[in-house]
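Survey of secondary and tertiary structure
The residues making up each chain are set out below.
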Amino acid sequence: MQLTLLAVNFFLITIISRQYGPGLYGEYASSKSLSVLIGTATVLSLALVTTKARASNASFSKNIFFNSYYLVIRNLIGAIVLLAPIVIVLGRDYTMTSLFLIGFVFNEMVHIALAYYQAKGNFVISSKQILIRTILYGLGAWVIAANSYPIEFIIIYQVLILFVFFLVAHYSIPKEDTGQIISDDNKETRIELTTSGKKMVLTTFSSALISELDIVLLGIFYSGSLLGVLAWSRRILEILFQLLAASLDILFPELSRAQNSKEVTDIRQRLRKVFVFSFSIPIVFFLLKDVAGSIFVALLGDEFNAVSEYTSLILFCLPLMVWSRINIIFSRALNFETYLTKTISIGAILSYIIYFIIHSTGDNSAALSIIASQVLIALLTTYSFRKSYG
């Protein structure tokens, strides 16, 4: 499933890049990354909260669906208003970013509805829906791009697909289990959801910062074709990181059940093997970068001829991102989320300073900025975990 999703997403950005060029793709990628960060804070991980509450039959789970929808839509309205000054400061496109944000919220609402099945241990329906809609994304984007429609049409199409799948997911829940829209318990339920969501979203937002912050910062300091090339290189890094992260996340349930420091240490040693293995990927790519360059040019066009060179440098961030992910997994499983998020948030601010300083140095300043930022985040997450765990 993970491979299929990544393959379709790779196909999608390939179509967009080839049809619209690196300049427009750079704006697309940077606006999307900004929307992910804002969207993650907006939805408060309520899909995870809903799944956990339904699975444990929490006291406030009776009317949880409508109240979760209410909270994410209310937060979305506030986010749309706050988005205007943010995009002005960061120099992003308001239309693209707001459309991406709406799509992100609809996606969360889909997963809130699917929580009904996941809470029962049924992940088949969710997997099938994700697979079908991802394929529809790719096919629809291909048709829109092939006909040279504005790139905004692709985002609008994705939003509409998500809204339709939300309706399908919600109305597939038996009516007696959806709860009531108007209830005396709504206020209490929303308080419980908000409280749980604020805690749950901490590690989700930390992970989002590691994945998306670089492209947001690149959008501040770079523009035009260069931004598109850099965004492509950073997205390749992200795809490879997600593949490795999936192997790390498998051990999260086992870590949550760890009874003593020896068990925690043993699991950490096992995860370190993935960390060590991750060094081989950038080394192999660096050795084959000329071959990779020919492939990228064939796929994307001559304007992307520098993707391979930048990627061969940026991929050395992969072990750093894997290490940061390991620290996040441990902090989440051992309930150190609050301190971790504060530490990574400080790291995000320091990353901006790093970009600002290195930007003026000249050649390969973008690649050096990304690497330095990920080194900083890896060090900070390590410090956070060790300080919390002792």
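Rules behind the numbers
Along each chain, residues carry numbers from 1 onward, in the same order as the chain's sequence is written. Reporting of local features is limited, given that this is a predicted model, to residues whose pLDDT is at least 70; pairs of side-chain atoms are given and counted only at 80 or more, and all residues count toward the totals for whole chains, interfaces and linings. Remark: hydrogens and water are excluded; side-chain values derive from all non-hydrogen atoms of the structure. Criterion for a salt bridge: a side-chain nitrogen of Lys or Arg within 4 Å of a carboxyl oxygen of Asp or Glu. Numbering of helices and strands runs from the N terminus; a helix is a DSSP stretch of H or I covering at least four residues, while a strand is a stretch of E covering at least two. Only protein chains enter the accessibility calculation, which uses a 1.4 Å probe. A residue is then buried if its area is under 20% of the maximum for its type, exposed if over 50%, and partly exposed in between. What is meant by a nonpolar core is a set of buried Ala, Val, Leu, Ile, Met, Phe, Trp, Tyr and Cys residues, joined one to another through side-chain atoms within 4.5 Å. When checking whether two residues touch, look at their non-hydrogen atoms; a contact exists if any pair is within 4.5 Å. Multiplying 1.5 Å by the residue count of a helix minus one yields the expected span of that helix.

Glancing now at the pattern of salt bridges. With the rule as written, the count across this model stands at six salt bridges. Asp266 is the partner of Lys262 in a salt bridge, and the nearest nitrogen-oxygen pair spans 3.1 Å. Of this pair, Lys262 and Asp266 both sit in helix α10 (residues 261–277), four residues apart, which is roughly one turn of the helix. For Lys262, a relative accessible area of 58% gives the class exposed. One network of salt bridges, in which partners are shared, links Asp214, Arg234 and Glu238.

Let us now look at the nonpolar core. Counting residues in each nonpolar core, the largest one holds 116 residues, and the members touching the most others are Tyr28, Trp232 and Phe330. Per-element tally for this core: the top contributor is helix α4 (residues 94–118), with 13 residues. When residues no more than four places from it in sequence are discounted, the contact partners of Phe330 are Leu255, Val264, Ile267, Arg268, Leu271 and Phe385.

What follows is about helix α5 (residues 124–146). Taking 1.5 Å of rise per residue, the 23 residues of α5 would be expected to cover 33 Å, and the 33 Å separating its terminal C-alpha atoms lies within 8% of that figure. Residues Ser126, Gln129, Ile130, Arg133, Thr134, Tyr137, Gly138, Gly140, Ala141, Ile144 and Ala145 constitute the buried set of α5. Phi for Ser148, located one or two positions after α5, is positive at around 60°.

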